[in-house]
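Fold and contact review
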Amino acid sequence: MLNAFCKSMLAGSLLIMILSGCSDNSKAARELLSQAESMAVSGDYPGALALLDSVDSRYAAEVEVRRDAMSLRPRIMEMLTLKELSTADSMIVELTLEADAVKDVMAFVEDSFEGYYTTKALKGKVPAEKPGLYARMSADGIYTVVSSCPKGTESTAVGLKSGDDEVMSARVAHDGERNDRSRGVEIINFMPSECDTLGVFAERHTGDEIKATFFGEKKNHTMTLPKDQAEALGSVHKASVIVGRLHKAQLEKTRLERQLDVARSQMARTFREKE
């Protein structure tokens, strides 16, 4: 929270700036400067910065006024950044609690790459050994789904149905990598944008019977999803949304901390002492 001292310093420094003006253009420019200061004191930092932009663009010849505005800008940026950091901190605390709660039902699985999270019920179960859908989440909240269906289907997409409600994934063409048919079953590794619809659908139908259809180039294969797979599709997706938001909030905090350092560095470089 901004204290009264910071605001009084802004008001005092701007008053000195205004009293030092002499020409008509200078007075008009300093009036904008005064309005910018008032907005900053009231907490409208974006509005204050916009007025400083106007001073810079409309009064290019008023070098002294523009220098005063340049000195004022980083102080306003500091206030704005401190406010945004406070909001980011509050969001991180809230999302951390939510992430800890959903991770209680999750388990980390180590593999040859970076490893992933899935539900405790699915840990140790391998797509190549049993057909179905396997939901996974990376440490930073990226949601993926691995589909496994019997060979001969030549599958490229998956659909889910519960009652009259149904949804379908994006299609992934056979390439021998993400769509691999070299093993005893056909494996498709769906990226987040290709399978988010499946996660949202499973969340919506938590506890309901869900049928999965593997759409192939030759034929389709339909099965009732095992309970552990259906629950994982929804719960892992829910966790991925929370963990993803937390990861973004942490990155935003890092960005704001750097922005604060820049603002304070500029304050030191543009400081103007006036009698």
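Residues numbered from 1 in each chain as written. Predicted model: local features only at pLDDT ≥ 70, side-chain atom pairs only at ≥ 80, totals over all residues. Heavy atoms only, no water.

1. Section: the nonpolar core
Counting residues in each nonpolar core, the largest one holds 40 residues, and the members touching the most others are Leu-133, Leu-160, Leu-225 and Leu-233. Those elements giving two or more residues to this core turn out to be α4 (63-103), β3 (132-137), β4 (143-150), β5 (155-162), β8 (185-190), α5 (192-204), β9 (211-216) and α6 (227-270). With nine residues, the top contributor of residues to this core is α6. In this structure, Leu-32, Leu-49, Leu-52 and Leu-72 belong to the second largest nonpolar core, which totals 20 residues. (Core = buried A, V, L, I, M, F, W, Y, C linked by side-chain atoms within 4.5 Å. Buried < 20%, exposed > 50% of the residue type's maximum accessible area, 1.4 Å probe, protein only. Helix = DSSP H or I, 4+ residues; strand = E, 2+ residues; numbered from the N terminus.)

2. Details of a negative patch on the surface
Taken together, Glu-110, Asp-111, Glu-114 and Asp-140 make up a surface patch of like negative charges. Mapped onto the fold, Glu-114 is located in the loop between β1 (106-109) and β2 (116-119). (Patch = residues over 30% accessible without salt bridge, like charges linked within 9 Å, V, L, I, M, F, W, Y side chains within 5 Å. Areas by Shrake-Rupley, 256 points an atom, 1.4 Å probe, with all protein chains shown as cover. Salt bridge = Lys/Arg side-chain N within 4 Å of Asp/Glu carboxyl O. Lys, Arg positive; Asp, Glu negative; His and termini not counted. Charge placed at Lys NZ, Arg CZ, Asp CG, Glu CD.)

3. Re the sheet that holds β9
One open sheet accounts for four strands, arranged β6-β5-β9-β10; its pairing is antiparallel. Strands with a single pairing partner mark the edges of an open sheet, and in this sheet they are β6 (165-168) and β10 (220-224). Taken pair by pair, the neighbouring strands of this sheet meet at an average axis angle of 20°, ignoring direction. Of the pairings in the sheet, the one linking β5 to β6 comprises four bridges and is antiparallel in character. (Pairing = 2+ DSSP bridges. Axes fitted to C-alpha atoms, helices over the stretch in contact; angles between N-to-C directions.)

4. Points about helix α2 (residues 24-42)
Here α2 contains 19 residues, and its C-alpha end-to-end distance of 27 Å stays within 8% of the 27 Å for a straight helix at 1.5 Å per residue. All buried positions along α2 are accounted for by Ser-26, Ala-29, Arg-30, Leu-32, Leu-33, Ala-36, Glu-37 and Ala-40. Taken around the axis of α2, the buried residues stretch over an arc of 150°, which confines them to a single face. Exposed residues lying more than 90 degrees from the buried face of α2 are Asp-24, Lys-27 and Ser-42. Trailing α2 by a residue or two, Gly-43 shows a phi angle of about 100°, which is positive. (Expected span 1.5 Å × (residues − 1). Arc of directions from axis to C-beta.)

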